[in-house]
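# Fold and contact review
Single-letter residue listing:
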Amino acid sequence: MSDEGAAIGGKDAGPAPHELLCAALAACTAITLRMYARRKEWLLRAVHVDVQLALQGKERSITRRLRFEGDLDETQRARLADIAEHTPVTLTLKQGVSITTILE
């Protein structure tokens, strides 16, 4: 269930739609980076992803912060940050997506 906060008429009964969008980006990022590190046999214990959406007028921007736990060198950390830029949800958001609405 998704809802908006009471300040804008919702009942605050669940995350707002934009919060779900941020959660999808964070989850996709964490999953992809864990899979990549596992395949490379890197000593990555945990991935922490924080995503914030800023809405200013018609402009929207997303800030994603990554924090890694484990024995990683700077080259590995940089590679994981680069991989984050190419996750499926990241690419969808960056490239945009066509939406077709069908009324039934």
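This text gives an overview of the structure that appears in the document. What you are looking at is a predicted structure, and each value in this text was computed from that prediction instead of being measured.

### Quick word on helix 2 (residues 74-84)
Within the sequence span of helix 2, burial applies to Gln-76, Leu-80, Ile-83 and Ala-84. The arc enclosing the buried residues of helix 2, seen along the axis, measures out at 105 degrees, which places them on a common side. Among the exposed residues of helix 2, those oriented more than 90 degrees off its buried face are Glu-74 and Thr-75. Where the residues of helix 2 are buried, they touch helix 1 (17-40), strand 1 (43-56), strand 2 (59-71) and helix 3 (88-95).

### So, the packing of aromatic side chains
For any pair of aromatic rings, the description rests on two quantities: the centre-to-centre distance and the angle between the ring planes. In this structure the tally under the stated criterion is one aromatic pair. Between Tyr-36 and Trp-42, the aromatic rings sit 5.6 Å apart at their centres with planes inclined by 75 degrees, giving edge-to-face as the arrangement. Residue Tyr-36 is classed as buried on the basis of its relative accessible area, which comes to 10%.

### Quick look at unusual backbone geometry
Not every positive phi belongs to a glycine, and Glu-41 is a case in point at roughly 60 degrees. Within the element layout of this structure, Glu-41 appears in the loop between helix 1 and strand 1.

Rules used throughout
- Residues numbered from 1 in each chain as written.
- Predicted model: local features only at pLDDT ≥ 70, side-chain atom pairs only at ≥ 80, totals over all residues.
- Heavy atoms only, no water.
- Buried < 20%, exposed > 50% of the residue type's maximum accessible area, 1.4 Å probe, protein only.
- Helix = DSSP H or I, 4+ residues; strand = E, 2+ residues; numbered from the N terminus.
- Arc of directions from axis to C-beta.
- Contact = heavy atoms within 4.5 Å.
- Phe/Tyr/Trp six-rings, centres within 6.5 Å; stacked < 30°, edge-to-face > 60°.

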